[in-house]
Each structure stands twice: as structure tokens, then as C-alpha cells.
Amino acid sequence: MEPKNTQQQDNSFFGQPAGLQTLFFTEMWERMSYYGMRALLVLFMTAAIQEGGLELTVAAATAIYGLYTGAVYFMGLPGGWIADRLIGGQRATWYGGIVIMCGHIVLAVPSDTTFFLGLILVVLGTGMLKPNISALVGQLYDEGDDRRDAGYTLYYMGINIGSLIGYAVTGYLMENVGWHWAFGAAAVGMFFGLVQYRMTLPKLRNVGADAPKPLSPRGQKISWTIIVLFLIALGGVFTAVATGAMTIDPVAIAQQVALAATIVFFVYYIGIFLFSKLTKNEAKRLGALFLVCIASICFWAGFEQAGSSLNLFARDLTDRMVGSFEIPTTWFQMLNSGFLIALSPFFAAMWVNLTKRMINPSYGFKSALGLIIMASGFIVMFLASQAAASGMKVSPNWLVAVYFLHTVGELCLSPVALSAVSKLAPRRMAGQMMGVFVLTYSIGSLLAGLIAGNLDPENTETMPDMYMQITLFGVGVGVVVFLLALKTRHWEKLAGQPDPEHVAINANEPVKQDKA
Ligand code: GLN
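Going by the annotation in an unreviewed UniProt entry, the name recorded for the protein chain is MFS transporter, with Pseudidiomarina sediminum given as the source organism. Heading Sequence similarities (unreviewed entry) of the UniProt record for the protein chain holds this comment: "Belongs to the major facilitator superfamily. Proton-dependent oligopeptide transporter (POT/PTR) (TC 2.A.17) family."

Shown next, in the form of C-alpha cells:
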């Protein structure tokens, strides 16, 4: 089918609806703050007290890091639900952003006690913002609008421009000015995001303006009471830990959260099948989406080695000297954002071209491909770690090749999967389903942490085997997903149940050609 290009179609942001501009820049700044801060986290926690750090052990710091990244995405589930049933995606994004900014402001205060309060605020805010802003992108398009995949690819590029700025700015400030200035820069980034969100909000029109399936007034009252009680309990636990009345073991908690996230994911998904009064077609479309989710979990479990085992491989086993210049360890992670920005336009064009030629690979197929390409990156790590086992530091080109393959895999799977969620989930549960999908990030990140625990740079002889196992596992699951996708691709094409109250807003309203 030719992409529709009728007079009514709003093309004002690089051929995409004007509302994408609002979401693109808001998410860009949010990700600048998220990744900018995340890049410092383990370094700050393990740095000596006289260097201004917390002087935690590596085990505790990496567990807290895993817990933090897992929790950020875990909270996407209640965040998505709150938007669908209580306040709508626009407000969830706005308040989520404010809470994130407050979290970074708290982190900028040089005090150990408030440090964890800052992290908690970022977790709560991101849970509100992240799934909902991603769901709003999908709501800019009609059911049959072929620009959806390209739109998500563009949006994903914004995510990575943000992360690139974040790594560069906070990395520089951390080394040259001080930790808390770097944390403060993340707050400023989120502030820019909020200002531009407010200023360009009219471009969203009423997409996400209200909860698509609001609870009854009584239900709302009960929900708000539960939310407030939860926050009070969280505050209580925080105070108990901060005052030393209660001690927690971050490693044990990280394991429990990984298990909880996995259980919640399966129970929630099955619950939706059983209790959401789905039509037959809706159920099959959600079945197709389930396959994409499984691929996503396995993908992130491998990909998220970037911040942990690959980071340590760069620090300890890679020859980072170029002449007299030593490449900073964190720069290797910037390769991912850099490759992604460079390759995104090609991928966006490729999806549009394939659609024009009527070859539109299914979401399941693209996810399988992404997973297999990412896993093949670990063959490179297998070879690189064999070279490192000889005792010599290895060429940085190995990691460049790994990040290249991982980024190509990411482009096949990640923006595509976001698009799949927005297309295949019934619109009345758009936020929640994005929340369920974001749980796959949470499970993947927590599994990645557990896998990384077995990839100690001190133990180079066991590394090649480990990397080979990751490769075989990733390729194996990828092949299974591919085979199942032969079936689910038919389910993806089934028409969704039009939801008369919530048909895409932009389809029915006259469009101002707003040349932003
Ligand atoms: N880089 C993507 C984002 O920030 C994916 C995040 C993830 O860890 N899964 O949206």
C-alpha cells in the first residue's frame, strides 16, 4: 500500500505529524538526563570518599545500579496504568518529567543521605513518563498509517541524540568540575525538556489529553488512596534505611526484583487475555505482540552488557592508547548512540521503501533479526576475549565492531517493537501495554546484571566460553522467534477493533499545516 498522503495528513515534522516534534524533543532531554546520570552512577558509588564518592564495594554498586535500571522500567507498569485509568498520557508525561527533574536536583546536593532519595524520585518520575510518552507517539497515527514505523525510528533517534549529549556533558563535568555539577546538568536537561513540552503541547491536540478508559469516581478515589499509601510506605522505608534503623542487601533485592518483574510480566499478560474482554482479533494481535516481548527480553539481557561487562572489558582489557591519547572508557558507550544516529535515517528509509514494494517484514520477523544480529556481536566478543586471554590488551576495533552489530540489531528490534506495541495493543490500554512492554527492559537489564557477574575481567580464561554461550542462546531464541513469526505475522495483520470513542484524533480533525 502506498503511504497515504492526502491533504488531511499532517506532515510537518520531517514528514511526520507535528505532535512528534513535541514528543521527540521532550524524550530527547529526558534521555539526556537519564543516560547522563546513569553513566556516572557506578563510578560515583565506587569512588573513594576523599574523591567525593560513596566508596561502596563493586558488588554493592553494580547491584544498586541493576536495581535502579530495573526499577526505573518496572515502574512503567503502574505509570502506564495511571495514564490509562486516571490522568491521561499528557499529564503523566508532564508530572513524570517534574518528578524526574526534582530527583536530579536532589542528586546535585552533595549529601549521601539524599543521594538515594534522588534515585527514588528519578525512578518514580521515569515510570510515569517513559511508557506514556512512547505510547503517545503511536497515538499520532491512524490504524492504517504506514508512517508509524518510520515515526518511531525518528523518535528513537531523538532518544539517542539525548543520550549522546548526556554522556558528553556529564562525563566532562564529572572529570573537570565535580560529581554533583554533573548530576545538576541532568536536572537542567530535564528542565529544558519540560519547557519545550509546555511550549509545544498544542501540537499534540487532544492526543492523550484524557484517560482513555477512566475509572468510576469511586474507583479513582480508591486508586489515589492506594497511591498515596504506597508513597507513604516508600517514604517510611527510605527514612528507616537512611537513619540506619533498617539495613538492606542490594544484591538480594536485585535478584528478588528480577524475579518479581518476570512474574508480574507473565501474570499481567495472562490477566489481560483472561479479563480484558478482548475480541478474537485483539487476542491474536496481543499474541503476536507477546512474541515481540520475548525477543525484547532476550535482546536487552545481551545488549545491556554495555554498561557492565563490556564497560569493564574496555577499561581493563582494551588498549585505549592512540598515540599519547588515552580514549576514556565511557566513550565506547557513546559508539552506540553515534552509530544509531548515523544509521537511523537509512533504516527509516528502508522500512518506507520496503512498504512501497509491498515487502513489509512482520514485527516478529524484524525482532528475530535484531536478536540474531545482536547475538552475533557476541561472536566478536568471543574472539576478542580469546585474544585478551593471551594477556595482551586488545585493539579497540573489537569493541567498535561489537557496538556496530549491537546497534544494527537494536535498530531492527527496539523502535520496531515500540511501534508494534502501539499498533497491536487495543487503544484503550495503550499506556498499560507500553508499561508491560517496558517491563521487558526491566527484566532484560536485571538479567544482564546477573550475566555480567560471570564476566569478570580478572578471569579472562572463562570469558570466551561465556560469550559463546550468550551467542548460541541469542541465536537459538532468535531462530525460534523467527519460526513462530511465520504464524504470528498473520495475526499482526488482523484488523483491530475500532474503538469509536478513541479513533486516532488526527484522522478526523482538519490539520493546520504548521511548518515547525
Ligand atoms: N535506549 C532505549 C531507550 O532509552 C532503550 C532502553 C533500554 O534499556 N531498553 O529508550
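Helix and strand counts for the protein chain come out as 17 helices and two strands. With the principal axes as the frame, the protein chain shows a C-alpha extent of 65 × 50 × 45 Å. Within the protein chain, the proportion of its 516 residues that are buried is 56%. In the protein chain, of all internal contacts separated by at least 6 residues, the share reaching a separation of at least 24 is 84%. Accessible area of the protein chain: about 21,800 Å², with a carbon and sulfur share of 68%. Of the side-chain charges in the protein chain, 32 are positive and 31 negative, and the distance between the mean point of each set is 13 Å.

Time to look at the packing of aromatic side chains. Summed over all chains, the structure comprises 32 aromatic pairs. Centre to centre, the rings of Phe13 and Phe14 are 5.1 Å apart; their planes meet at 70°, and the pair counts as edge-to-face. Note on Phe13: relative accessible area 6%, which makes it buried. Ring pairing ties together the aromatic residues Tyr34, Tyr35, Tyr68, Tyr73, Tyr167, Phe299, Trp300, Phe303, Phe437 and Tyr441, which thus form one cluster.

Below, the discussion takes up the site of the ligand. Around the ligand, the neighbouring residues are Arg31, Tyr35, Tyr73, Lys130, Tyr156, Ile159, Trp300, Glu304, Glu410 and Tyr441. Interatomic distance of 2.8 Å between a side-chain N/O atom of Tyr35 and an oxygen atom of the ligand. A distance of 2.6 Å is found between an oxygen atom of the ligand and a side-chain nitrogen or oxygen belonging to Glu304. Bound to the protein, the ligand loses 97% of the 290 Å² it would expose on its own. Going through the elements one at a time, helix 1 (19-46) and helix 6 (148-176) are the ones with two or more residues in the shell around the ligand. Of the residues contributing to the shell around the ligand, the split by class is six nonpolar, no polar and four charged.

Taking 1.5 Å as the rise per residue, helix 5 (residues 112-139) with 28 residues should run 40 Å; its terminal C-alpha atoms sit 42 Å apart, in good agreement. Along its length, helix 5 shows its largest kink, about 30°, at Thr126. The buried fraction of helix 5 is high, at 21 of 28 residues. At the N-terminal end of helix 5, a side-chain oxygen is found 3.3 Å from the backbone nitrogen of Thr113, two or three residues along, and the residue is Ser111.

Our next topic: helix 8 (residues 217-242). Three or four residues apart is the spacing at which side chains of an α-helix point the same way, because the helix has 3.6 residues per turn. With 26 residues, helix 8 should reach 38 Å at 1.5 Å per residue; the first-to-last C-alpha distance of 37 Å fits that figure. For helix 8, the set of buried residues is Gly219, Ser223, Phe238 and Ala240. Tucked into the core, helix 8 has its buried residues touching helix 3 (76-87) and helix 5. Among the residues trailing helix 8, Gly244 stands out with phi positive, at a value near 85°.

Its location among the elements puts Ile87 in helix 3. Distance from Ile87 to Leu215, taken between C-alpha atoms, is 10 Å for residues 128 residues apart in sequence. Beyond its immediate sequence surroundings of up to four residues, Ile87 is in contact with Ile82, Ala92, Met128, Ala209, Ala211 and Trp224.

Counting 132 residues, the largest nonpolar core has Tyr68, Phe115, Leu289, Phe313, Met433 and Tyr467 as its most contacted members. Each residue touching Phe115, except ones within four places of it in the same chain, is listed here: Leu41, Phe44, Met45, Leu54, Leu107 and Phe183. Counting residues in each nonpolar core, the second largest holds seven residues, with Ile87, Ala92, Met128 and Leu215 among its members.

All right, on to a nonpolar patch on the surface then. Nonpolar side chains collect at one region of the surface, where Phe365, Leu369, Val479, Phe482, Leu483 and Leu486 lie side by side and expose about 460 Å² of accessible area between them. For the nonpolar patch, the elements supplying multiple residues, two or more each, are helix 13 (363-389) and helix 16 (463-493). The dominant element in the nonpolar patch, judged by the number of residues it contributes, is helix 16, at four residues. Looking at the element boundaries, Phe482 is found in helix 16. Under the relative-accessibility criterion, Phe482 is labelled partly exposed at 31%.

Per the stated rule, a full pass over the model turns up ten salt bridges. Notably, a salt bridge pairs Glu27 with Lys130, separated by 2.9 Å at the nearest N-O pair. Here Lys130 lies in helix 5 and Glu27 lies in helix 1, a separation of 103 residues in the sequence. Look at Lys130 and you get buried, because its relative accessible area is 6%. Between Arg38 and Glu304 there is a salt bridge whose closest N-O contact spans 3.4 Å. Placement of Arg38 in helix 1 and of Glu304 in the loop between helix 10 (280-303) and helix 11 (309-317) is noted, with a sequence separation of 266 residues between them. Take Arg38: its relative accessible area is 7%, and that puts it in the buried class. On the basis of relative accessible area, Glu304 is assigned to the buried category, the value being 15%.

Calculation notes
Residues numbered from 1 in each chain as written. Predicted model: local features only at pLDDT ≥ 70, side-chain atom pairs only at ≥ 80, totals over all residues. Heavy atoms only, no water. UniProt positions renumbered as here; feature names shortened; annotations may be inferred. Helix = DSSP H or I, 4+ residues; strand = E, 2+ residues; numbered from the N terminus. Buried < 20%, exposed > 50% of the residue type's maximum accessible area, 1.4 Å probe, protein only. Contact = heavy atoms within 4.5 Å. Areas by Shrake-Rupley, 256 points an atom, 1.4 Å probe, with all protein chains shown as cover. Lys, Arg positive; Asp, Glu negative; His and termini not counted. Charge placed at Lys NZ, Arg CZ, Asp CG, Glu CD. Phe/Tyr/Trp six-rings, centres within 6.5 Å; stacked < 30°, edge-to-face > 60°. Near = heavy atom within 4 Å. Polar contact = N/O pair within 3.5 Å; in protein donor to acceptor, adjacent residues only side chain to side chain. Nonpolar A, V, L, I, M, F, W, Y, C, P; charged D, E, K, R; others polar. Expected span 1.5 Å × (residues − 1). Bend = angle between axes of the 7 residues up to and from the residue. Core = buried A, V, L, I, M, F, W, Y, C linked by side-chain atoms within 4.5 Å. Patch = residues over 30% accessible without salt bridge, like charges linked within 9 Å, V, L, I, M, F, W, Y side chains within 5 Å. Salt bridge = Lys/Arg side-chain N within 4 Å of Asp/Glu carboxyl O.

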